[in-house]
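Examination of the molecular architecture
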Amino acid sequence: METVVWSKPEHERAGTPLLVMLHGYGTDELRMVNLFPQIPKEFTCAAVRGPMPIGDHYGWFLLDYFLANDFADVISTTSKVFAWIDSVKHNHSSVSLLGYSQGMAMASTLLRLRPEGFKATVGLSGFVLENDLLSLSESFDSPPPFFWGRDKSDPVIFRDAVQHTEEWLNANTALTSRSYPGMGHRIEAPEMVDVSAFLRYYVLR
């Protein structure tokens, strides 16, 4: 990953739990940087920029209106993110993921490909990819903790994608699901209070 913004200077990161933060489609890492103050101070946060240019901003892989994707793009990007995580994880006590919108699709895909690699996963206003190859390859020894926050009336995430996401998360994870009426396709303070509590419980205790 060529662009990463850290919440702590390098000399303060050793031994801390790492939270890798993945932005949405057509935005950039600064969307995640704005959340740093709402994450428990014990964490080192790393806001990573997606590698694919989307206009003047960035994404993780191309999407259409119905959230269809080229799975080769998905695998290429996940390989890049894994390589970056592997280059820094030795400095941290654990690695967790937080993804917003398309970033949730990335976070859940990373978890599916390496279920033992992450302490906890947070998905906000996003979705889980529907892909037969992923379904065949995934195997969880125990359900990983997963927080899913959203507005049930979110106008951006296609209804079929929401249904698949709900089914997959209930079947495969230790799910904490919360809804925030009126939030739309955003991240707001009450949701981040719940995210903070989730991370404290599953990572810091």
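As a starting point, this report considers the structure included with it. These numbers were taken from a predicted model, which means no experiment stands behind them.

What to know about the overall build of the protein
When helices and strands are counted, the protein shows six helices and nine strands. For the protein, whose C-alpha radius of gyration is 16 Å, the value lies close to the compact-globule estimate of 17 Å for 205 residues. Over its C-alpha atoms, taken along the principal directions, the protein stretches across nearly 45 × 40 × 35 Å. Looking at the protein residue by residue over its 205 residues, the buried ones come to 53%. Total accessible area on the protein stands at roughly 9500 Å², and carbon and sulfur atoms take up 50% of it.

A word on the pairing of strand β7 (residues 121–124)
Neither face of β7 is exposed, since T121 and G123 on one face and V122 and L124 on the opposite face are all buried. Across four bridges, strand β6 (residues 94–100) lies against β7 in parallel orientation. Of the residues in β7, the one forming a bridge with G99 is G123. Each parallel crossover has a hand, and the one from β6 via helix α3 (residues 102–113) to β7 is right-handed.

Structural notes on the packing of aromatic side chains
Considering all chains together, one arrives at five aromatic pairs under this definition. Taking the centre distance of 5.8 Å and the plane angle of 45° together, the rings of W6 and W84 count as tilted. Taken as a pair, W6 in strand β1 (residues 4–6) and W84 in helix α2 (residues 71–88) lie far apart in primary sequence, 78 residues in all. Each ring, one from F198 and one from Y202, has its centre 4.9 Å from the other, and the planes form 50°; the classification is tilted. You can see F198 and its partner Y202 sitting in helix α6 (residues 189–204), four residues apart, about one turn around the helix. Cluster of aromatic residues (ring-pair linked, three or more members): F147, F198, Y201 and Y202. Here R13 stacks its cationic end above the ring of W6, 3.9 Å away from the centre of that ring.

Let's talk about the packing of α2 against α3
Two elements in contact, α2 and α3, have axes whose closest approach is 10 Å; the angle formed by their N-to-C orientations is 75°. With respect to their mutual orientation, α2 and α3 come out roughly perpendicular. When α2 is examined against α3, the residues V74, I75, T77, T78, V81 and F82 are found in contact with a partner set consisting of M106, T109, L110 and L113. Split into classes, the residues belonging to the contact of α2 with α3 amount to seven nonpolar, three polar and no charged.

A closer look at the pattern of salt bridges
In this structure the tally under the stated criterion is six salt bridges. Here K41 ties to E42 by a salt bridge, and the two come within 4.0 Å at their closest N and O atoms. The class for K41 is exposed, based on a relative accessible area of 67%. Of the charged contacts in the structure, one is a salt bridge between E188 and R186, with a shortest N-O distance of 3.0 Å. Assessed through its relative accessible area of 32%, E188 is described here as partly exposed. Each of K41, E42 and R200 takes part in one network of salt bridges that share partners.

Thoughts on helix α5 (residues 159–172)
An ideal rise of 1.5 Å per residue puts 20 Å on 14 residues; α5 measures up with 20 Å between its terminal C-alpha atoms. Where α5 is concerned, the buried positions are A161, V162, H164, T165, W168, L169 and N172. Looking down the long axis of α5, one finds its buried residues gathered within 165° of arc, a one-sided arrangement. Looking at α5, the residues exposed on the side facing more than 90 degrees away from the buried face are R159, N170 and A171. If you follow the buried residues of α5, they end up packed against α3, β8 (145–150) and β9 (174–179).

Cut-offs applied
- Residues numbered from 1 in each chain as written.
- Predicted model: local features only at pLDDT ≥ 70, side-chain atom pairs only at ≥ 80, totals over all residues.
- Heavy atoms only, no water.
- Helix = DSSP H or I, 4+ residues; strand = E, 2+ residues; numbered from the N terminus.
- Rg over C-alpha atoms; globule rule 2.2 N^0.38 Å.
- Buried < 20%, exposed > 50% of the residue type's maximum accessible area, 1.4 Å probe, protein only.
- Areas by Shrake-Rupley, 256 points an atom, 1.4 Å probe, with all protein chains shown as cover.
- Pairing = 2+ DSSP bridges.
- Right-handed = clockwise from strand over helix to strand, strands pointing away.
- Phe/Tyr/Trp six-rings, centres within 6.5 Å; stacked < 30°, edge-to-face > 60°.
- Lys NZ or Arg CZ within 6 Å of the ring centre and 35° of its normal.
- Axes fitted to C-alpha atoms, helices over the stretch in contact; angles between N-to-C directions.
- Parallel < 35°, antiparallel > 145°, perpendicular 65-115°, else oblique.
- Contact = heavy atoms within 4.5 Å.
- Nonpolar A, V, L, I, M, F, W, Y, C, P; charged D, E, K, R; others polar.
- Salt bridge = Lys/Arg side-chain N within 4 Å of Asp/Glu carboxyl O.
- Expected span 1.5 Å × (residues − 1).
- Arc of directions from axis to C-beta.

So far we have only geometry, and geometry alone does not tell us how the molecule works.
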